[in-house]
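Listed below, chain by chain, are the residues.
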Amino acid sequence: MKKFFLLLLIPIILFSSSCIRNNNGYKFPDRKIIRIALVLPGSINDSTWNSGSYNGLKRFENDYKAEIAVVEKVSREEAEKIFPKIAEKEFDLIIGHSYEYTRFLKKLAPLHPKTFFCVTGGETSTIPNLCSVNFKNEQYGYLIGVVAGLNTSTNKIGIVVGEKIPTVEKII
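Residues numbered from 1 in each chain as written. Predicted model: local features only at pLDDT ≥ 70, side-chain atom pairs only at ≥ 80, totals over all residues. Heavy atoms only, no water.

Right, let's get into the overall build of the chain. The helix and strand tally for the chain stands at 7 helices and 5 strands. Scanning the chain from its N terminus toward the C terminus, one meets helices and strands in the order α-α-β-α-β-α-β-α-β-β-α-α. A buried classification covers 41% of the 172 residues belonging to the chain. Of all intrachain contacts in the chain linking residues separated by at least 6 positions in sequence, the fraction that spans at least 24 positions is 59%. Of the roughly 10,600 Å² that the chain leaves accessible, carbon and sulfur atoms contribute 57%. (Helix = DSSP H or I, 4+ residues; strand = E, 2+ residues; numbered from the N terminus. Buried < 20%, exposed > 50% of the residue type's maximum accessible area, 1.4 Å probe, protein only. Contact = heavy atoms within 4.5 Å. Areas by Shrake-Rupley, 256 points an atom, 1.4 Å probe, with all protein chains shown as cover.)

Set out below in structure tokens:
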């Protein structure tokens, strides 16, 4: 079971400076079935960021006999109520799949030391059971710009984004 935890956490550790700075490590409970909760800001059927995360978690569930729970369409306002309810259910790993959840998870993680929390696109943290996974958004943002530039007939390109947050700013 520990190998499965390691398999799950390798990408998190590789992409997260907050996990790298944590010298104490994190000890998962020794369970036969890992319990993972995923909180999404949008729908699992949006064919983008949220559905990709959901599909990956479903595959993990099938491959490793994990128990999963997914809560979708969680707004910034709802997050403050929903995350504590999920944490009370003692999941091994709770993933907040939005930069917007960082603030709540920083408050919540110390209150639930037996649960490991991860936020995608979040800010780095020194809290032992909280890490953030960040991608090189500026790299694929650059490629998007190149493709757009090569396909414009007016020599002008633009981008439409949902909200101006740090991860989106890096893409722009």
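As a further point, take the environment of Glu 72. By the secondary structure assignment, Glu 72 is in the loop between strand S2 (67-71) and helix H4 (76-88). Residue Glu 72 is classed as partly exposed on the basis of its relative accessible area of 33%. Sequence-wise, Glu 72 and Asn 45 are 27 residues apart; in three dimensions their C-alpha atoms are separated by 9.8 Å. Contact partners of Glu 72, with chain neighbours within four places excluded, come to Leu 40, Gly 42, Ser 43 and Ile 44.

We now examine the packing of aromatic side chains. Using the criterion set out here, one finds 2 aromatic pairs in the structure. For the ring pair Phe 60 and Tyr 64, a centre distance of 4.8 Å and an interplane angle of 40 degrees mean the geometry is tilted. Taken as a pair, Phe 60 and Tyr 64 lie in helix H3 (residues 49-64) at a separation of 4 residues, close to a single helical turn. When its relative accessible area of 23% is taken as the criterion, Tyr 64 is described as partly exposed. In this structure, Arg 35 is placed above the aromatic ring of Phe 91, and the distance from its NZ or CZ to the ring centre is 4.3 Å. (Phe/Tyr/Trp six-rings, centres within 6.5 Å; stacked < 30°, edge-to-face > 60°. Lys NZ or Arg CZ within 6 Å of the ring centre and 35° of its normal.)

Before going further, it helps to spend a moment on the pattern of salt bridges. In the structure shown here, the tally under the stated rule is 4 salt bridges. Glu 67 is paired through a salt bridge with Arg 35; the nearest N and O atoms lie 3.1 Å apart. Remark: Arg 35 occurs in strand S1 (residues 35-39) and Glu 67 occurs in strand S2; sequence separation between them is 32 residues. Note that Glu 100 is salt-bridged to Arg 76, the shortest N-O span being 3.1 Å. Within this pair, whereas Glu 100 is found in the loop between strand S3 (93-96) and helix H5 (102-108), its partner Arg 76 is found in helix H4, the two being separated by 24 residues in sequence. For Glu 100, a relative accessible area of 17% translates into the label buried. (Salt bridge = Lys/Arg side-chain N within 4 Å of Asp/Glu carboxyl O.)

Taken together, Trp 49, Phe 135, Tyr 140 and Ile 144 make up a surface patch of nonpolar side chains, about 380 Å² in accessible area. Among the structural elements, Tyr 140 can be located in helix H6 (residues 137-151). Residue classification places Tyr 140 among the partly exposed positions, given a relative accessible area of 36%. (Patch = residues over 30% accessible without salt bridge, like charges linked within 9 Å, V, L, I, M, F, W, Y side chains within 5 Å.)

Right, let's talk about the environment of Pro 113 for a bit. Locating Pro 113 in the fold gives a position in the loop between H5 and strand S4 (116-120). It is 9.4 Å that separates the C-alpha atoms of Pro 113 and Leu 130, two residues lying 17 residues apart in sequence.

Moving on, we come to unusual backbone geometry. Positive phi outside glycine occurs at Lys 73, with the angle close to 60 degrees. Counting through the fold element by element, Lys 73 comes out in the loop between S2 and H4. Of the residues examined, Lys 73 reaches a relative accessible area of 53% and is grouped as exposed. In the Ramachandran plot, Glu 90 falls in the positive-phi region, its phi being about 55 degrees despite a non-glycine side chain.

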